[in-house]
Amino acid sequence: MNQDPMPTPAELRAMAYADGELSDEETREFEREMIDDPQLAREVAQLKRLEVLSRQVAGPEPMDTEWKRLAEDPWQRAGHGLAWTALSIGVAGLAIAFVVAIAMVDTSPLVKALLLLVVGGFGLLLVLTIRGRLRTLPYDPYTKVQR
Amino acid sequence: MIVLTTPDVPGRSISEVLGLVKGNTVRGRHLGRDIAAGLKNLVGGEIDDYTKLLAESREQSIDRMVAEARTLGADAIVGVRITTSQIAVGAAEFLAYGTAVKLA
């Protein structure tokens with residue numbers, strides 16, 4: 001027996017929107033609601049994600065199972081964790097060393113300030129870009145597509 | 001929505017041609033995946049990080065093309081083609097295009 005609860009009218013409307021079944025006027029109204037309600041937009045993205053995944057009808061290949069086994073191997077996981085930690089610490093350390101080197105270089109204070117502004121501006125842009133990506137990730141229905 | 005690469009829909013006749021519809025996207029993987037892909041390139045075999053990148057781009061560009069056809073009230077898109085080009089290292093651009101039509 002199917003134990004899934006019946007979809008609510010709101011969920012049915014979201015499904016109709018995701019499937020492109022609403023009229024032009026209903027679509028515009030729904031899109032206005034999505035702007036005010038991030039949760040609604042997230043639900044539509046989830047429905048879209050399911051629809052995109054349902055198109056991926058090809059089954060797993062033999063190599064997929066071995067990749068999965070390897071990914072679950074404790075030594076492999078520990079090795080990956082160690083490698084990425086070392087890499088992250090190294091990159092962060094180099095960034096700090098670079099800023100210190102700029103501060104200590106024998107040049108005019110104006111040039112030093114400008115160099116630090118360039119580095120600081122780039123760093124800030126990077127942080128803002130990462131923030132934007134993390135914020136929009138739940139609304140991206142294509143992240144689960146494999147091939 | 002019927003999406004076909006053929007110039008017509010077998011068994012159905014086209015009553016109206018609504019025009020060109022297209023969808024494009026440029027997607028990238030993050031730096032970590034690019035590093036992993038670069039290492040896999042050294043040893044050969046499938047670079048699944050980039051297989052996934054291309055698949056994501058393909059699906060998104062097709063969806064955007066279909067969405068444009070829906071706004072025109074189309075029943076089908078015929079003559080669909082997909083093109084790709086490199087706009088940046090480690091990023092994939094896909095353009096899907098076709099002709100939106102109404103069926104009789």
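Please read these numbers as outputs of a predicted model, since none were measured by experiment. (Residues numbered from 1 in each chain as written. Chains lettered and ligands numbered in written order. Predicted model: local features only at pLDDT ≥ 70, side-chain atom pairs only at ≥ 80, totals over all residues.)

1. Here we look at the confidence of the model for chain B
Inference 1: Confidence along chain B averages 93 in pLDDT terms, with 100% of residues attaining 70 or more.
Inference 2: Mean pLDDT across the elements of chain B bottoms out in helix H1 (residues 31–43) of chain B (89) and peaks in strand S2 (residues 14–28) of chain B (96). (pLDDT = per-residue confidence, 0-100. Helix = DSSP H or I, 4+ residues; strand = E, 2+ residues; numbered from the N terminus.)

2. Some thoughts on the sheet that holds strand S1 (residues 2–3) of chain B
Residues and elements named next belong to chain B.
Inference 1: In spatial order, the strands read S1-S3-S4-S2; together these 4 strands make up an open sheet with mixed pairing. Every interior strand has two partners, whereas the edge strands, S1 and S2, have only one.
Inference 2: Here helix H2 (residues 48–71) sits on the sheet in contact with S1, S2, strand S3 (76–85) and strand S4 (91–103), set at roughly 145° to S2. (Pairing = 2+ DSSP bridges. Contact = placed C-beta atoms within 7 Å. Axes fitted to C-alpha atoms, helices over the stretch in contact; angles between N-to-C directions.)

3. Examining the packing of helix H1 (residues 9–18) of chain A against helix H3 (residues 38–54) of chain A
Axes are the key here: two packed helices are described by the angle between their axes and the distance separating the axes.
All names here are of chain A.
Inference 1: Here H1 crosses H3 at 55°, and the two axes come no closer than 9 Å. With respect to H3, the axis of H1 lies oblique. In this structure, H1 crosses over H3, and the sense of that crossing is right-handed. Each of Ala 14, Met 15, Tyr 17 and Ala 18 in H1 lies in contact with H3, whose residues at this interface are Leu 40, Glu 43, Val 44, Leu 47, Lys 48 and Glu 51.
Inference 2: When the residues that make up the contact of H1 with H3 are grouped by side-chain class, the tally is 7 nonpolar, no polar and 3 charged. (Parallel < 35°, antiparallel > 145°, perpendicular 65-115°, else oblique. Left-handed = near helix turned anticlockwise from the far one by under 90°. Nonpolar A, V, L, I, M, F, W, Y, C, P; charged D, E, K, R; others polar.)

4. Remarks on H3 of chain A
Residue and element names in this part refer to chain A.
Inference 1: Taking 1.5 Å of rise per residue, the 17 residues of H3 would be expected to cover 24 Å, and the 24 Å separating its terminal C-alpha atoms lies within 8% of that figure.
Inference 2: Every buried residue of H3 is accounted for by Val 44, Ala 45 and Val 52. All buried residues of H3 fall inside an arc of 105° around its axis, so they share one side. H3 presents Gln 39 and Ser 54 as exposed residues on the side facing more than 90 degrees away from its buried surface. (Expected span 1.5 Å × (residues − 1). Buried ≥ 20, exposed ≤ 12 C-beta atoms within 10 Å, placed from the backbone. Arc of directions from axis to C-beta.)

5. Considerations on the packing of helix H5 (residues 74–104) of chain A against helix H6 (residues 109–136) of chain A
All names here are of chain A.
Inference 1: As a packed pair, H5 and H6 sit with axes 9 Å apart at the nearest point and diverge in direction by 165°. In terms of orientation, H5 and H6 fall into the roughly antiparallel class. Between H5 and H6 lies a crossing whose hand is left-handed. For the pair H5 and H6, contact is made by Phe 98, Val 99, Ile 102 and Ala 103 and by Lys 112, Leu 115, Leu 116 and Val 119, respectively.
Inference 2: By residue class, the composition of the contact of H5 with H6 is 7 nonpolar, no polar and 1 charged.

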